[in-house]
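# Structural features, examined
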Amino acid sequence: LSDRLTETLRNLRTKGKLTAADVDGTVREIRRALLDADVALPVVKEFTAKVRERALGDEVNRALNPAQQVVQIVNDELVGILGGQQRRLQMAKTAPTVIMLAGLQGSGKTTFAGKLAKMLEKDGHTPLLVACDLQRPNAVNQLQVVAERAGAAVYAPEPGNGVGDPVRVARDGVEVARRQQHDVVIIDTAGRLGVDAELMKQASDIRRATDPDEVLFVIDAMIGQDAVNTAKAFQDGVDFTGVVLSKLDGDARGGAALSVASVTGRPIIFASTGEGLEDVEAFHPDRMASRILDLGDILTLIEQAQQAFDEAEAMKVAEKLATEQFTLEDFLEQMQQLKKMGSMKKMLGMLPGMGSMKQQLEDFDEREIDRTEAIIRSMTPGERRNPKVLNGSRRLRIARGSGMTVTDVNQLVQRFDQAAKMMKTVARGGVPSIPGMGPV
Ligand code: GDP
Ligand code: MG
């Protein structure tokens with residue numbers, strides 16, 4: 001999705017006044033890009049029709065820069081489909097809040113249950129996880145492991161005591177939460193590899209028995225065209241109040257996000273981005289849209305880099321991106337190039353996914369580069385190539401050598417790790433989350 005769409009819009013950006021043919025050509029490209037990204041056909045049709053209508057309308061004609069206006073329209077429409085505003089979890093007026101998870105087997109429900117518990121705990125809640133997947137032999141145990149990692153309590157049926165009735169377990173779980181003063185109940189349910197009637201009935205029975213405040217449909221972002229049918233089946237069978245998009249760390253590019261949001265009209269509330277319990281974030285429609293639109297701008301970044309310093313250097317950066325090898329030496333080189341190019345802020349603004357981080361960019365201190373440089377210069381070539389060897393005594397030596405503190409050194413290593421991760425993601429054609437800039 002991203003590459004094609006960005007490419008198309010980038011070509012358009014260089015144009016002044018737009019003809020109907022320009023608009024049609026662009027709409028055709030958008031259509032193809034969306035289909036390539038496995039966005040469902042009806043969704044694509046609706047999207048392109050809206051963009052076309054608006055692009056041919058007055059707002060574009062009157063715009064100072066018509067091409068830019070079209071880009072804006074595409075962005076608006078994307079944000080609109082993705083739900084507009086960020087949507088928070090609905091909490092019950094009287095505790096406990098009941099949150100039920102539904103979705104196919106392997107979609108990431110149990111993992112997300114742990115992630116959600118952890119997020120809620122950070123906010124001062126005391127969640128209880130309820131194990132209602134009695135289908136797979138190991139599912140209860142898996143939830144117990146996840147809960148332990150999240151430091152959350154679990155309610156699971158005693159072996160041999162009413163095992164086999166997930167509806168009863170769910171109901172009992174809510175009762176236990178009420179008695180033990182857990183203010184949130186997270187109900188993990190069973191899934192099948194494909195949609196089937198028995199699964200739907202079970203999920204819908206659990207829903208009826210527990211009257212949840214939220215029913216979250218967890219869907220694997222990699223599912224492709226099946227996203228629409230699966231989402232519709234769950235909407236008809238159980239109905240849900242929100243969506244969790246999982247495995248966004250993979251190759252998936254947002255096609256499923258567009259399809260599910262558009263077809264069901266339900267908001268995406270969380271994005272799951274890895275197997276670790278920390279790998280989850282609130283879903284921001286505007287950020288997703290700008291990620292979808294921004295990604296190809298890494299090319300612009302490299303192009304501009306080519307003008308500012310010699311081409312060989314730029315090739316090296318591009319090569320590093322491609323081979324996924326990124327060392328502290330590269331980090332230093334990039335810092336120096338950034339400095340040469342004058343505006344750090346502008347450069348960072350061009351990195352994919354940074355559109356919504358303007359405020360943070362404003363806060364960014366350019367002297368940071370000088371400090372970073374000093375620290376890296378105090379490292380041996382071996383340390384720069386392999387920062388893993390940086391133990392306590394080496395860090396102390398580097399801090400002394402550069403006139404910084406050990407904390408400064410630690411922070412740099414941490415930032416480097418984040419940047420390296422981002423480079424890997426970009427190189428794989430994915431979307432980086434938060435490039436080495438600290439928390440959002
Ligand atoms: P469930 O059957 O719906 O409960 O799915 P699980 O929570 O058991 O997840 C299935 C597999 O997907 C497990 O191997 C998880 O580690 C993995 N998984 C879950 N969420 C994510 C994610 O966001 N990213 C990645 N890469 N893997 C995930
Ligand atoms: Mg599970």
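Here, every reference points to the structure presented above.
Report follows, based on the coordinates.

Conventions we followed
- Residues numbered from 1 in each chain as written.
- Chains lettered and ligands numbered in written order.
- Predicted model: local features only at pLDDT ≥ 70, side-chain atom pairs only at ≥ 80, totals over all residues.
- Heavy atoms only, no water.
- Helix = DSSP H or I, 4+ residues; strand = E, 2+ residues; numbered from the N terminus.
- Expected span 1.5 Å × (residues − 1).
- Buried < 20%, exposed > 50% of the residue type's maximum accessible area, 1.4 Å probe, protein only.
- Arc of directions from axis to C-beta.
- Near = heavy atom within 4 Å.
- Polar contact = N/O pair within 3.5 Å; in protein donor to acceptor, adjacent residues only side chain to side chain.
- Areas by Shrake-Rupley, 256 points an atom, 1.4 Å probe, with all protein chains shown as cover.
- Nonpolar A, V, L, I, M, F, W, Y, C, P; charged D, E, K, R; others polar.
- Core = buried A, V, L, I, M, F, W, Y, C linked by side-chain atoms within 4.5 Å.
- Contact = heavy atoms within 4.5 Å.
- Pairing = 2+ DSSP bridges.
- Axes fitted to C-alpha atoms, helices over the stretch in contact; angles between N-to-C directions.
- Phe/Tyr/Trp six-rings, centres within 6.5 Å; stacked < 30°, edge-to-face > 60°.
- Salt bridge = Lys/Arg side-chain N within 4 Å of Asp/Glu carboxyl O.

### Description of helix 3 (residues 41-55)
The terminal C-alpha atoms of helix 3, which comprises 15 residues, lie 21 Å apart, in line with the 21 Å expected from a rise of 1.5 Å per residue. Those residues of helix 3 that fall on the buried side of the exposure criterion are Val 43, Val 44, Phe 47, Thr 48, Val 51 and Ala 55. One face of helix 3 carries all of its buried residues, which in axial projection span an arc of 120°. Facing away from the buried side of helix 3, by more than 90 degrees, are the exposed residues Pro 42 and Glu 53.

### Structural notes on the site of ligand 1
Around ligand 1, a shell composed of 17 residues is seen, among which Gly 106, Thr 110, Thr 111, Asp 249 and Glu 275 lie nearest. Between ligand 1 and Gly 108, the relevant distance is 3.0 Å, taken from an oxygen atom to a main-chain nitrogen or oxygen of the residue. Contacts to ligand 1 include Lys 109, whose backbone N or O atom sits 2.8 Å from an oxygen atom. Protein burial of ligand 1: of its 570 Å² of free accessible surface, 81% is covered by the chains. In terms of residues, the shell around ligand 1 owes the most to one element, helix 6 (residues 109-122), which gives 4 residues. Residues of the shell around ligand 1, tallied by class, amount to 1 nonpolar, 10 polar and 6 charged.

### Details of the nonpolar core
Ranked by size, the top nonpolar core spans 67 residues in total, and within it Ile 187, Phe 234 and Leu 245 carry the most contacts. Beyond its immediate chain neighbours, meaning those up to four positions away, Ile 187 contacts Val 98, Ile 99, Met 100, Leu 101, Val 130, Cys 132, Ala 170, Val 174, Ile 206 and Thr 210. Ranked by size, the runner-up nonpolar core spans 26 residues in total, among them Leu 116, Val 184, Ile 186 and Phe 270.

### Side note on the pairing of strand 4 (residues 184-189)
When you tally the buried positions in strand 4, you get 6 out of 6 residues, the bulk of the element. Taking every second residue as pointing to the same face, both faces of strand 4 are buried, with Val 184, Ile 186 and Asp 188 on one and Val 185, Ile 187 and Thr 189 on the other. As defined by bridge partners, strand 1 (residues 97-102) adjoins strand 4 across 4 bridges and the pair is classed as parallel. Paired with Ile 99 across the strands is Ile 186, a residue of strand 4.

### With respect to the sheet that holds strand 1
Across the sheet, 8 strands lie side by side as 3-2-4-1-5-6-7-8; this open sheet has mixed pairing. Where the open sheet ends on each side, the last strands, each with one partner, are strand 3 (153-155) and strand 8 (280-282). Geometrically, the sheet is characterised by an average inter-axis angle of 25° between neighbouring strands, direction not taken into account. Together, strand 5 (214-220), strand 6 (242-246) and strand 7 (268-272) form the strand contacts of helix 11 (residues 255-264), whose direction differs from that of strand 6 by roughly 165°.

### What to know about the environment of Asp 188
Relative to the elements of secondary structure, Asp 188 occurs in strand 4. According to the relative accessible area criterion, Asp 188 is buried, its value standing at 1%. Taking the C-alpha atoms as reference points, Asp 188 and Leu 143, separated by 45 residues in sequence, lie 8.1 Å from one another. Apart from the residues lying within four places of it in its own chain, the contact partners of Asp 188 are Lys 109, Thr 110, Val 130, Ala 131, Cys 132, Asp 133 and Leu 143. A polar side-chain atom of Asp 188 sits 2.8 Å from a polar atom in the side chain of Thr 110.

### Quick look at the pairing of strand 7
Each regular strand displays side chains that alternate between the two surfaces of the sheet. For strand 7, the tally of buried residues reaches 5 of 5 residues, placing the bulk of the element in the interior. Sheet analysis places strand 7 next to strand 8, joined by 3 bridges and oriented antiparallel. Across the sheet, Ser 272 pairs through a bridge with Val 280, a residue of strand 8.

### Digging into the packing of aromatic side chains
Counted by the stated rule, this structure contains 3 aromatic pairs. A ring pair is formed by Phe 112 and Phe 270, whose centres lie 5.4 Å apart and whose planes are at 50°; its orientation type is tilted. Of the two residues, Phe 112 sits in helix 6 while Phe 270 sits in strand 7, which places them 158 residues apart along the sequence. The exposure class assigned to Phe 270 is buried, which follows from its relative accessible area of 8%. Considering the side-chain rings of Phe 217 and Phe 240, the 4.7 Å spacing of their centres and the 25° angle between planes classify their relative orientation as stacked. Of the two residues, Phe 217 is situated in strand 5 and Phe 240 in the loop between helix 10 (226-237) and strand 6; the sequence distance between them amounts to 23 residues. Using a relative accessible area of 0% as the deciding quantity, one classes Phe 217 as buried. Of the aromatic side chains, those joined through ring pairs into one cluster are Phe 217, Phe 234 and Phe 240.

### Points about the pattern of salt bridges
Under the defined criterion, the tally for this structure stands at 22 salt bridges. With a shortest N-O distance of 3.0 Å, Arg 54 and Glu 77 are connected by a salt bridge. Of this pair, Arg 54 sits in helix 3 while Glu 77 sits in helix 5 (residues 66-81); the two residues are 23 residues apart in sequence, bridging distant segments of the chain. A relative accessible area of 11% means that Glu 77 is categorised as buried. Put simply, Glu 198 and Arg 192 hold a salt bridge, and the shortest N to O gap is 3.5 Å. Relative accessible area serves as the criterion here: at 53%, Glu 198 is assigned to the exposed category. Take Arg 192: its relative accessible area is 16%, and that puts it in the buried class. The structure contains a network of salt bridges with shared partners spanning Glu 46, Lys 50, Arg 54, Asp 76 and Glu 77.

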